[in-house]
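As a plain string of letters, each chain reads:
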Amino acid sequence: MYDLLNQLDSLLVQMELLRKKQFRFHEALIVEYDVGAKFKIERELESLDTEQKRVAQLLSKVENKIEDIVRTNAKNNSEEENKKLEKSTQVLEIADKDYEETGDTIFEIIGFDLGHGETAISRTTSHTSLPPQKLDLIDGRSSILTAISLDATRGILIGDDAYCHRNNESLEIFFKSPYLSIPENSESLKLFVYKCFKLLSSSGKINNDKNTNVYVGVPSGWTLDDREEYESILKDAGLRNVTVIPESRAAFLEAKESGALHETASKLIDSVLIIDIGSSTTDFTIVKSYEEKPLDFGYNKLGSGLIDLSIFNLTLNKYANIDDSFNHIFDENSEIKSRCLLKCRQVKEKYFSKNDESFWIDRPCAESERVLGVHHFDIDIYKSDMDEILSSPIDDLDGQSWPDAFRNALSECKEYVEYEKPNLVMLTGGGSRMNFIYEICKEMFPGSLVKVGLEPHLTISRGLSIAGRTDFKVNAFRHEIEAFLSSESLEKVVEDEFSSLYSSVAKSLFDQCVEVSLDSFQKWSSGELSTLRNMEEEIISTVDVLVREKGELIFLDDIVQWVESLVQKIDVLTSDICKKYSIPKKYLSIPITPSAVELDGKSFEDVIKPGSSVTGAAGSIVGWLAGIVSGGLLVAVGVMLTGGIAGALYEVVSWIVSIVAGLGAASAGIFTGVKLTGSLDRKIRDSVVPVPLRKKMISTAGVVKMLEKQRTDIEKDLFQAIEKDFSSTNKKVEVLNALRENLNERADDACILVM
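In short, a report on the structure. Counting of residues starts from 1 at the beginning of each chain's written sequence and follows it residue by residue. The predicted origin of the model limits local features to residues at a pLDDT of at least 70 and limits the giving and counting of side-chain atom pairs to 80 or more, whereas totals for whole chains, interfaces and linings rest on all residues. The side-chain quantities take in all heavy atoms of the structure and omit both hydrogens and water.

## Overview of the nonpolar core
- Among the nonpolar cores identified, the biggest contains 59 residues, and Ile275, Phe377, Trp402 and Phe406 are the most heavily contacted of them.
- Looking at which element gives the most residues to this core, the answer is helix α11 (residues 334–352), with eight residues.
- For the purposes of this section, nonpolar cores are sets of buried Ala, Val, Leu, Ile, Met, Phe, Trp, Tyr and Cys residues that join through side-chain atoms within 4.5 Å. We call a residue buried when its accessible area falls under 20% of the maximum for its residue type, exposed when it is over 50%, and partly exposed in between, using a 1.4 Å probe and counting protein chains only. Core analysis: the second largest hydrophobic core is formed by 53 residues, Leu509, Phe510, Ile539 and Val543 among them. Labels follow the DSSP assignment, with helices taken as runs of H or I lasting at least four residues and strands as runs of E lasting at least two, numbered in each case from the N terminus.

In structure tokens:
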């Protein structure tokens, strides 16, 4: 397998070198006028075409052999071998112990920050909670030059290896751009990606198998078509599971996980502005309450690489007055120009590594590149030179200087609807190390805290790894939430709580009926009401008015306690999910806010507010309660004077009157010595008993005592009537659906907190 991979590497290099030769011959053919010379060029092209077909056939055979081996290995790998392979993935797998062994596949996630000027790669897994691990590609470096060169013997060379390799004419830099239809860009990009992953997998730093998922970032200013074409090239380079996301999202997630957004609670809640200054672009992201909002005006040309070019042009102009040979050399040899540009980049980085730029007032920040073994391209940048560079107009920035263009970009950012004055400005990306960036941000955002990332060159790769891990965990989180919402445990909690609600309201109904009845009894006892029949009619009328017009107030405590108890039991069920995904419990808890405000008519919305999904009568607890009231039902439990409940209430009143009548008749019998009959018991309801005799017949305490003896039977009848009413109107289903909707919405909001 190793030999086949080396053959593949060599054949890819041969194909690219042949393509470059063909390109040069085609260019020569266009400008050549001599017939004989044209004939020779055409013959060379025919020869190259024949050779290219031969290499393509060999390449196809090698690729097929590799695919056969991969398929065979996939079939033969036992579970034990797979476990050994997982163990070889180094320290990050230790973090998987934080999770229960559920048998789920552990996915490898690679954050691939392929930048215009430099590239960094990080790794994590789908089950870990530890920070992503940076991966060293070459010579222990966590970031390398985005550079590639080809050698017929050594194959594909990348990073500093490409820069240091002298005997070639194929050094390519700055090939990451949205202009992917240009073969030089797309082919260089493809080979660079291929080599990066070959180095990592051959050294055992990544698995690079079917469970490997690669997240790659692109500037916010790239179009959807650019992203799709970029993803296609990455897949052609051998990345099986690749996802392309905005670099702004990666910057946000890295800042969130690293704690950069937790300076204080207010700086998280109010507003954070993340500015990512790369080699070729500058992107802006607004963060409010843990939600990122990338601003879509990312500047595709405002990159720190323009300063590299300015240093190069300044140096070239210095030589123009002495020796014009460099212009000719650079025109004829693009790879030599690329080397000198990379030296200019090193000078820029060295210059801005000093916090105090006055260090360069009387000494140069210097580098030198040997050209063709004869010349030396000496780069000497003093502070005065950098001042000139930063104040000079740049054609790619519409004639603005770099600082002015950056300042104008910040002004444009402020004009967006999403913009709010940030409490915190986070600077990231390699360009954020330039001192004047910090100063301009302090100037443009007075009163805001401005911070530079500790390792800005690693921010995006780490953020991309976190994005991949977050996507896997969010998917798992949503799956668990959906399973919970359709579970029997949730239905059982609601069922049990409704039984509790029926009991609570039946008790309150009984107490209210007793209170009203005793008031009417005292009126009858004092002579204000003539007969027990009058008392019965007043009790029924008063209870009817009471439950219809003031039911919300009467049963408010029952309702609040019921909902609070229901929410607490749901919280117990969701607590394990919250713990597993590091989400504070409050984010999956339905907030219940009892209010002391006086009810406006029969509206219930100012009394209980069960959360954001409660918006009206359809599918919400509050709306449902309000609907019950407006429909003639008593709030929350069907204290409804229609159907079964109305009958139950009438029975309560009848029992009360019967108790009074029975006690009164018994007393009358004692006083008169006459034995009571059923007829007399019925007649006494319509009799006008003398007032003095009424007080001797029965006391208020006696009525209460007899009612309490009947409480169990009366409340049982009320319970059954309420339960029957609710079963016939599917109120349990409405409440269950309302809870599911609310929890779904809260789960959506909580996804951003999954870690």
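## A few points about the sheet that holds strand β7 (residues 172–173)
- By this definition, two strands are paired if DSSP reports at least two bridges between them. One open sheet accounts for three strands, arranged β6-β5-β7; its pairing is antiparallel. Strand pairing shows two members of the sheet lacking a second neighbour, β6 (155–158) and β7, which therefore form its edges.
- As paired elements, strand β5 (residues 147–151) and β7 share two bridges and run antiparallel to each other. Bridge pairing links Ile148 to Glu172 in β7.

## Thoughts on the pairing of strand β15 (residues 424–428)
- Judged by how many residues are buried, β15 sits mostly within the fold: five of five residues are covered.
- Burial along β15 is two-sided: Leu424, Met426 and Thr428 and Val425 and Leu427, pointing in opposite directions, are all buried.
- Bridge count between β15 and strand β16 (residues 449–452): four bridges; the pairing is parallel. Considered in β16, the bridge of Leu427 is made with Val452.

## Thoughts on helix α9 (residues 305–320)
- An ideal rise of 1.5 Å per residue puts 22 Å on 16 residues; α9 measures up with 23 Å between its terminal C-alpha atoms.
- For α9, the complete set of buried residues consists of Gly305, Leu306, Ile307, Asp308, Ser310, Ile311, Phe312, Leu314, Thr315, Leu316 and Tyr319.
- Buried residues along α9 sit in contact with α10 (325–332), α11, β14 (375–381), α12 (383–391), α13 (402–414) and α14 (435–444). The length a helix should cover is 1.5 Å for every residue beyond the first. Only heavy atoms matter for contacts: two residues are in contact if any of them lie within 4.5 Å across the pair.

## Quick look at the packing of aromatic side chains
- In summary, the pairing rule links any two rings of Phe, Tyr or Trp, Trp by its six-membered ring, whose centres are within 6.5 Å, and it sorts them by plane angle into stacked for under 30 degrees, edge-to-face for over 60 and tilted for everything else. Using the criterion set out here, one finds 18 aromatic pairs in the structure.
- When the ring of Tyr351 is compared with that of Trp360, the centres are 5.8 Å apart and the planes differ by 20 degrees; the resulting orientation is stacked.
- Classification of Tyr351 as buried rests on a relative accessible area of 0%.
- Under the relative-accessibility criterion, Trp360 is labelled buried at 5%.

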